[in-house]
Amino acid sequence: MQGIALALEEIPDLEIVLTGNKASLGNEIAPIENRSCTEILPTEQVITMHDKSRDALLKKKQSSMHKTIELVKDDYDKGIVTAGNTGSYMAISIFTLGRIK
């Protein structure tokens, strides 16, 4: 969250959408939680680093990773930053967004 706080200081008109389980985010979101440029969308499932990409794609559709990729597909968001499971991120992105022609 420290990186988000710094980005918001550097770019005043930047809008941030966080997805995830608010309880899991805990006190870390406190510095940015009440800023008007920050939105928090709750999700129920978590894709771990140990999840297989296929399982994440097919069985964890209520995860933050699925939600953020859907937000880009729907043109609600312009980009995604994730520190999560790269294989799952790529699989969900390809099946949700498709490939660049």
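Residues numbered from 1 in each chain as written. Predicted model: local features only at pLDDT ≥ 70, side-chain atom pairs only at ≥ 80, totals over all residues. Heavy atoms only, no water.

1. Thoughts on the environment of Ala30
Turning to step 1, where the next piece is worked out: When you line up the elements, Ala30 lands in helix α3 (residues 30-33).
Turning to step 2, where the next piece is worked out: C-alpha of Ala30 to C-alpha of Tyr76: the two residues are 46 residues apart in sequence and 24 Å apart in space. (Helix = DSSP H or I, 4+ residues; strand = E, 2+ residues; numbered from the N terminus.)

2. Focus on the environment of Gly20
Turning to step 1, where the next piece is worked out: Inspection of the secondary structure puts Gly20 in strand β1 (residues 16-20).
Turning to step 2, where the next piece is worked out: For the pair formed by Gly20 and Asn85, sequence separation is 65 residues and the distance between their alpha carbons is 14 Å.
Turning to step 3, where the next piece is worked out: Residues contacting Gly20, with those up to four places away along its chain left out, are Leu41, Pro42, Thr43 and Ser64. (Contact = heavy atoms within 4.5 Å.)

3. Here's the deal with the side chain of Thr19
Turning to step 1, where the next piece is worked out: Following the sequence through the fold, Thr19 ends up in strand β1.
Turning to step 2, where the next piece is worked out: With a relative accessible area of 14%, Thr19 lands in the buried category.
Turning to step 3, where the next piece is worked out: A polar side-chain atom of Thr19 sits 3.3 Å from the main-chain carbonyl oxygen of Ser64.
Turning to step 4, where the next piece is worked out: The residues touching Thr19, leaving out its near neighbours within four places in the chain, are Leu41, Thr43, Ser64, Lys67, Thr68 and Leu71. (Buried < 20%, exposed > 50% of the residue type's maximum accessible area, 1.4 Å probe, protein only. Polar contact = N/O pair within 3.5 Å; in protein donor to acceptor, adjacent residues only side chain to side chain.)

4. Some points on helix α1 (residues 2-10)
Turning to step 1, where the next piece is worked out: Residues Ile4, Ala5 and Leu8 constitute the buried set of α1. Looking down the long axis of α1, one finds its buried residues gathered within 100° of arc, a one-sided arrangement. Facing away from the buried side of α1, by more than 90 degrees, are the exposed residues Gln2, Glu9 and Glu10. (Arc of directions from axis to C-beta.)

5. Considering the pattern of salt bridges
Turning to step 1, where the next piece is worked out: All told, the structure shown has three salt bridges when counted by the stated rule.
Turning to step 2, where the next piece is worked out: Lys60 is the partner of Asp51 in a salt bridge, and the nearest nitrogen-oxygen pair spans 2.8 Å.
Turning to step 3, where the next piece is worked out: Its salt-bridge partner being Lys59, residue Asp55 comes within 3.8 Å of it at the nearest N-O pair. Taken together, the residues Asp55 and Lys59, both in helix α4 (residues 53-59) and four residues apart, mark about one turn of the helix.
Turning to step 4, where the next piece is worked out: Here Asp55 falls in the partly exposed class, since its relative accessible area comes to 27%. (Salt bridge = Lys/Arg side-chain N within 4 Å of Asp/Glu carboxyl O.)

6. Some details on helix α5 (residues 64-73)
Turning to step 1, where the next piece is worked out: Turning to α5, its buried residues number three or more, namely Met65, His66, Thr68, Ile69 and Leu71.
Turning to step 2, where the next piece is worked out: Buried residues belonging to α5 abut β1, β2 (38-42), α4 and α6 (86-97).
Turning to step 3, where the next piece is worked out: Asp75 lies just past α5 and shows a positive phi near 65°.

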